[in-house]
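Read off the chains here:
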Amino acid sequence: MTLLVTGAAGQLGREVVRVASATRPVVAFERRDLDLTDPKSVWAALEAHRPTVVVNCAAWTDVDGCELDSEKAYLINAQAVAGLAEACHEFGAHLVQVSTDFVFDGKQVPGAPLVPYREDDPTSPLNVYGASKLGGEVAAGDAATVLRTTWLQPADGPGMVGRILAKLESSREAGAVVELLGDRRACPTFVVDLVPALLHLADEQVAGIVHVVNGGVATWADIGRLVAVEAGFDPERIVSVDEADLGAPRPAVRPKYSALDGAVLRRLGYPLLRHHRDAVAATVARLHG
Ligand SMILES: NC(=O)c1ccc[n+]([C@@H]2O[C@H](COP(=O)([O-])OP(=O)(O)OC[C@H]3O[C@@H](n4cnc5c(N)ncnc54)[C@H](OP(=O)(O)O)[C@@H]3O)[C@@H](O)[C@H]2O)c1
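Here's what I pulled together on the structure shown here. Remember, predicted model here, so these are calculated numbers, not experimental data.

### Some remarks on the packing of helix 8 (residues 220–231) against helix 10 (residues 276–288)
- At a closest axis distance of 9 Å, the pairing of helix 8 and helix 10 adopts a crossing angle of 50 degrees. By the angle between their directions, the pair helix 8 and helix 10 is classed as oblique. For the crossing formed where helix 8 meets helix 10, the hand is right-handed. Contacts between helix 8 and helix 10 pair Ile223, Leu226, Val227, Glu230 and Ala231 from the former with Arg277, Val280, Ala281, Val284 and His288 from the latter.
- Partitioning the contact of helix 8 with helix 10 into residue classes produces seven nonpolar, one polar and two charged.

Spelled out as structure tokens, the structure:
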């Protein structure tokens, strides 16, 4: 049961390699060892290692960069996945393709309450990153596990929780406010919780789209208040701002709402990931002591 991981140096790839290595042989490829856009190298890697499962953690995740260079975005996030899927098919490996909430536009039915997107809801990406990742979902093929997730937080680095803590700490004396976005909502998801579910889906070789996110829906301002309370700061120092108030618009438009519902994970009977509140508390404990 060999697992081959691409994009192994990324925030998700690192944790997949770390956790999976405890229970099975893992072959980990960083970009410098295996560039997904080189189909011959991809083919040779699968031929040499004959993995049971390939977990594709590689992607071009710079959302604004993708907007400015769509050719590169589609090459890495879609075309390269087609090559990988073809090699998986040839050598009998199950493919796990990681995807994103940015395949949705967040608009839903005007006037109706927003509800988390289900796996079979229609997609409509607002930006090149989302469109290229949607291309990757299609390229992965029907037999692959397409795991969509949102707002990933690393298992081994500061991430957004760490950045919020640093801001609260650095302006502690002055009691200065910390401005955080309050007009975009999704499901902040902690890699430490995501990876066991990903490996379960990989082991079961589940085919199709599966949403995997921590529980609850939040803005970054909501998360900021949770971080402040957990770390003993005054939550009133967190001020919610709209994206439009933060100066010049960024190249890529982001969905205002991209929470995901884990209907398929529930149907499979896999335990749902803990609420983001508990994951925030655990992360603050890890980073803040
Ligand atoms: N981050 C999020 O908030 C988020 C949310 C939803 C879904 N996702 C999805 O989750 C997956 C993992 O994301 P992540 O946050 O771990 O991203 P990440 O930290 O940016 O890692 C992506 C990795 O892919 C590598 N890579 C880029 N181009 C490559 C190529 N041509 N060949 C091989 N490797 C290549 C990168 O290497 P270099 O650094 O050397 O370029 C990097 O190590 C992606 O599919 C992403 O779309 C992420």
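### Regarding the site of the ligand
- Taken together, 25 residues surround the ligand, and among them Gly7, Gly10, Leu12, Arg31 and Ala58 come closest.
- Elements with a contribution of two residues or more to the shell around the ligand: helix 1 (11–20), helix 4 (70–91) and strand 4 (94–100).
- Counting residues per element, the shell around the ligand draws most heavily on helix 1, which supplies three residues.
- Residues of the shell around the ligand, tallied by class, amount to twelve nonpolar, ten polar and three charged.

### Comments concerning the sheet that holds strand 9 (residues 208–211)
- A sheet is described by the order of its strands in space; here six strands give the open sequence 2-1-3-4-5-9, paired in parallel fashion. The sheet is open, and its two borders are formed by strand 2 (26–29) and strand 9, each paired with just one other strand. Between one strand axis and the next, the sheet turns through 20 degrees on average, direction left out of account.
- Pairing of strand 4 with strand 5 (residues 145–149), which is carried by five bridges, proceeds in the parallel orientation. Looking across to strand 5, one finds that Thr100 is bridged to Thr149.
- Together, strand 1 (3–6), strand 2, strand 3 (53–56) and strand 4 form the strand contacts of helix 1, whose direction differs from that of strand 1 by roughly 160 degrees.
- The sheet contacts of helix 7 (residues 191–204) involve strand 1, strand 3, strand 4, strand 5 and strand 9, and relative to strand 5 the element is tilted by about 165 degrees.

Conventions adopted
- Residues numbered from 1 in each chain as written.
- Predicted model: local features only at pLDDT ≥ 70, side-chain atom pairs only at ≥ 80, totals over all residues.
- Axes fitted to C-alpha atoms, helices over the stretch in contact; angles between N-to-C directions.
- Helix = DSSP H or I, 4+ residues; strand = E, 2+ residues; numbered from the N terminus.
- Parallel < 35°, antiparallel > 145°, perpendicular 65-115°, else oblique.
- Left-handed = near helix turned anticlockwise from the far one by under 90°.
- Contact = placed C-beta atoms within 7 Å.
- Nonpolar A, V, L, I, M, F, W, Y, C, P; charged D, E, K, R; others polar.
- Near = placed C-beta within 6 Å.
- Pairing = 2+ DSSP bridges.

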